[in-house]
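Residue-level structure breakdown
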Amino acid sequence: MPESALRSIQVYPVKSIAGSGPGEAVVEPWGLAGDRRWMLVDAQRTMLSQRPHPKLALAAADELPGNAVRLTAPGMPPLTVDVPWSGETVEVEIWRDTVDAVPAGAAAAEWFSGYLGVPVELVHLDAPGKRRPIAAAYARPGETVSFADGFPLLLTTTSSLDALNSLIAQGDHADEGPLPMNRFRPNVTVDGTAPWAEDTWRTVRIGEVVFRVAKPCRRCVVTTTDQRTAERGKEPLRTLARHRRVTDQLVFGQNLVPQGTGTIRVGDAFEVLD
């Protein structure tokens, strides 16, 4: 394996629930193929996430052929949801964006509503290449994103997690550490770099694909949610507030925008180009 290399890949077919860790993934202009093409919305068709519903951490989606997904959750029978082809779109809100999406149908809505105990609906992003531009302050012309929070991919490094866990061990909530990387829900994790080196990167290459480093990733209460139990604590936000504050944001990891397409694989060389 190269000195600096891609350690893991994570794809989350449905926003805010668990996904899978494939050995390789296709990089599309708006993110990894199949990543966050589905999203839950409430009765007002506004994005639903782990922020108010931590038990979403215990649900999972596995991508099937044809971009269908197989849903599982505690106490629920598995459900396969096919990509809806009705052509009917509805407006949904994700952060400050209004996006056209396709309802996934009654079965998926009933399944998730039964699991969460509130009325919700599952929707699918049918045309990521034209539905949702990246925020203008960080975008170049024509750049789009899926239902990810704001950017096509999120990168983290194992060395920075190790450094963060060392800081947690010195704090008031040391018993909560060390934290696993899944608290941060990255798409790609890299080995073999110095702690916090990603703060200075502008352009990187993973395997055959070049990425622009857009901005640090702002962290929220989801990072305090144990992804195995849905229980919440204080870390890592307490430690990030002391050591990783940029203006009014607590940050960990970097948001990436692909500058081309291709396939990345676990073990691929990682290189800082700028």
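Summary of the structure given here. (Residues numbered from 1 in each chain as written. Predicted model: local features only at pLDDT ≥ 70, side-chain atom pairs only at ≥ 80, totals over all residues. Heavy atoms only, no water.)

As for empty space enclosed by the protein
Empty space among the atoms can be located by rolling a probe the size of a water molecule over them. If you walk through the whole model with that rule in mind, you get 1 cavity of 30 Å³ or more. Looking at the largest cavity, its volume works out to about 40 Å³. In this structure, the largest cavity is lined by Pro-13, Gly-34, Arg-37, Trp-38, Glu-63, Asn-67, Val-69 and His-124. Looking at the lining of the largest cavity, its residues break down into 3 nonpolar, 3 polar and 2 charged. (1 Å grid on protein atoms, 1.4 Å probe; cavity = no way out; pocket = protein on both sides within 12 Å on 5 of 7 lines; lining within 4 Å. Points joined across faces, edges and corners; volume = space filled by probe spheres on them. Nonpolar A, V, L, I, M, F, W, Y, C, P; charged D, E, K, R; others polar.)

A few points about the sheet that holds strand β6 (residues 69-73)
Spatially, β5-β6-β7 is the arrangement adopted by the 3 strands of the open sheet, whose pairing is antiparallel. Two strands close off the open sheet at either side, each with one partner strand: β5 (60-63) and β7 (76-81). Between one strand axis and the next, the sheet turns through 20° on average, direction left out of account. The pairing of β6 with β7 spans 4 bridges and is antiparallel. What sits directly across from Ala-73, in β7, is Met-76. (Pairing = 2+ DSSP bridges. Helix = DSSP H or I, 4+ residues; strand = E, 2+ residues; numbered from the N terminus. Axes fitted to C-alpha atoms, helices over the stretch in contact; angles between N-to-C directions.)

Details of the layout of surface pockets
Within this model, the largest pocket holds a volume of roughly 1000 Å³. If you go around the largest pocket, you meet 34 residues; those closest to its centre are Arg-51, Trp-95, Asp-149, Gly-150 and Arg-218. With 4 residues, the top contributor of residues to the lining of the largest pocket is strand β14 (residues 209-218). In the lining of the largest pocket, the residues fall into 15 nonpolar, 7 polar and 12 charged. As a volume, the second largest pocket reaches approximately 330 Å³. The wall of the second largest pocket is formed by 17 residues, among which Gln-10, Tyr-12, Met-181, Asn-182 and Pro-186 lie closest to the centre. Class assignment of the residues belonging to the lining of the second largest pocket gives a composition of 6 nonpolar, 8 polar and 3 charged.

Things to note about the pattern of salt bridges
What the rule picks out here adds up to 14 salt bridges. When the shortest N-O distance is used, the salt bridge between Arg-265 and Glu-24 registers 3.3 Å. Taken together, the residues Arg-265 in strand β17 (residues 262-265) and Glu-24 in strand β2 (residues 24-28) connect sequence positions 241 residues apart. Residue Arg-265 is classed as partly exposed on the basis of its relative accessible area, which comes to 37%. By relative accessible area, which is 46% here, Glu-24 ends up partly exposed. One network of salt bridges, in which partners are shared, links Lys-15, Arg-51 and Asp-149. (Salt bridge = Lys/Arg side-chain N within 4 Å of Asp/Glu carboxyl O. Buried < 20%, exposed > 50% of the residue type's maximum accessible area, 1.4 Å probe, protein only.)

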